[in-house]
Amino acid sequence: MTTLKNDRFLRALLKQPVDVTPVWMMRQAGRYLPEYRASRAKAGDFMSLCMNPEFACEVTLQPLERYPLDAAILFSDILTIPDAMGLGLYFETGEGPRFRNVVDTPEAIEALPIPDANDDLGYVMDAVRTIRRELNGRVPLIGFAGSPWTLATYMVEGGSSKDFRKCKALMYNNPQAMHMLLDKLAQSVTSYLNAQILAGAQAVQIFDSWGGSLSDVAYQTFSLAYMQKIVDGLIREHEGRRVPVILFTKGGGLWLESMADTGVEALGLDWTCDIGSARQRVGDKVALQGNMDPSVLYASPDSIRDEVARILASYGTGTGHVFNLGHGITPQVDPEHAGAFINAVHELSAKYHEQN
Ligand code: CP3
């Protein structure tokens, strides 16, 4: 077992003291980096990057070669699970993800298999093992999966959607069928994340990208309840260390208290909430990850630095903060601005961690 050279990401998630606030970026391996675009061209397309462990490892490490990031995130996608259930994932250039088979009837839901994480999704576990070997203890590796509700939106709609028309109609017309789908997804995500942990993921994040589109009661019933099932089924200790779980509901600012009650170590915040107020609301229960508006990276390095300073001051003194963007970095961002962001977090946060 390799010892971690930089474990401040894991320490902050567990609310242990750190020297500076750790930072990583959602979608840190992606199209804003010219070296990523070159690897994708070499591999042919996005799914070939995901399915080849050497390529997946190469692009995972690219942002770490450029910036002093405090964590690596597995290069893959949340839609690998529906793909492994037989939906046939493909990407149309400029149109985002699509499925050949849509799951929009009770019969189609009934027929869905639960994938075997080590067999049907073995390529992901191979990528995790390859990345861990190549990281060689530099920083921790984050594994991830989509929330059942978020995966269901893509499966029922057949791809991305603005209003989730079909998925919400199914939820209101036939809640029983929706519960069957979400239950199958919760089982699939639990075994998928556990396989990632056993393969070497040192923390895991659940991406509930579309939970924020739900009403208060529907969020509790159709999204949070199934994330709770997953959290209850996860391996929480591996290689002699706690494996922290981060729950990220985009647009979830209303529900931070109930999210904190699930027993996860940390909540991801988008940029619509104030991180200082969020800290007051959740108290000592969880650490917080976030929450700079990714669009700030379009502004000048000086403006980026000001916004980092504002968020650090709002969180205040002490551990329990992992700096991140409130959602993924976008393809149009100048890589130098991402560097200015990461350096600003490390430079400006030291004073919040001085021992009294
Ligand atoms: O954070 C990382 O660096 C790890 C890699 C990662 C990707 N997708 C790679 C990717 C992660 C964590 C994801 C999660 C993901 N995928 C989510 C949840 C996070 C979120 O953004 O809310 C969702 C909803 C998806 C589904 C998905 N995959 C969409 C909607 C798209 C198209 C969007 C786009 O930017 O074009 C993808 C494709 C995708 N996944 C890309 C990357 C780098 C772009 C593919 C390309 O190279 O063209």
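The protein chain is annotated in an unreviewed UniProt entry as Uroporphyrinogen decarboxylase from Thiopseudomonas alkaliphila. As stated in UniProt under Subunit (unreviewed entry), the record for the protein chain gives "Homodimer."

Colleague: What exactly am I supposed to notice about the sheet that holds strand β4 (residues 141-146) here?
Modeller: Strands belonging to one sheet form pairs held by backbone hydrogen bonds; the direction of such a pair is parallel or antiparallel. Read across the open sheet, the 7 strands follow the order β1-β4-β5-β8-β9-β10-β11; overall the sheet is parallel. The sheet is open, and its two edges are formed by β1 (72-73) and β11 (321-325), each paired on a single side. The sheet contact formed by β4 and strand β5 (residues 203-208) spans 5 bridges and is parallel. Note on β5: the bridge partner recorded for Ala145 is Ile206.

Colleague: Is there a simple way to explain the nonpolar core in this structure?
Modeller: Considering soluble globular proteins, one finds that nonpolar side chains tend to be buried as a cluster. In this structure, Phe9, Met178, Leu267, Met292 and Phe341 are the most contacted members of the largest nonpolar core, which totals 132 residues. For this core, the element with the most residues is helix α10 (residues 175-199), which contributes 12 residues. Aside from chain neighbours lying at most four places away, what touches Phe341 is Val23, Met25, Met292, Leu297, Ile304, Val308, Phe323, Asn324 and Leu325.

Colleague: In this structure, what is going on with the site of the ligand? I would like to understand it.
Modeller: Looking at the ligand, there are 22 residues lining it, with Arg27, Arg31, Tyr36, Arg40 and Ser209 nearest. One nitrogen or oxygen atom from the main chain of Ala29 is found 3.2 Å from an oxygen atom belonging to the ligand. Protein burial of the ligand: of its 880 Å² of free accessible surface, 88% is covered by the chains. Each residue belonging to the shell around the ligand can be placed in one class, and the counts come to 14 nonpolar, 4 polar and 4 charged.

The rules behind the values
- Residues numbered from 1 in each chain as written.
- Predicted model: local features only at pLDDT ≥ 70, side-chain atom pairs only at ≥ 80, totals over all residues.
- Heavy atoms only, no water.
- UniProt positions renumbered as here; feature names shortened; annotations may be inferred.
- Pairing = 2+ DSSP bridges.
- Helix = DSSP H or I, 4+ residues; strand = E, 2+ residues; numbered from the N terminus.
- Core = buried A, V, L, I, M, F, W, Y, C linked by side-chain atoms within 4.5 Å.
- Buried < 20%, exposed > 50% of the residue type's maximum accessible area, 1.4 Å probe, protein only.
- Contact = heavy atoms within 4.5 Å.
- Near = heavy atom within 4 Å.
- Polar contact = N/O pair within 3.5 Å; in protein donor to acceptor, adjacent residues only side chain to side chain.
- Areas by Shrake-Rupley, 256 points an atom, 1.4 Å probe, with all protein chains shown as cover.
- Nonpolar A, V, L, I, M, F, W, Y, C, P; charged D, E, K, R; others polar.

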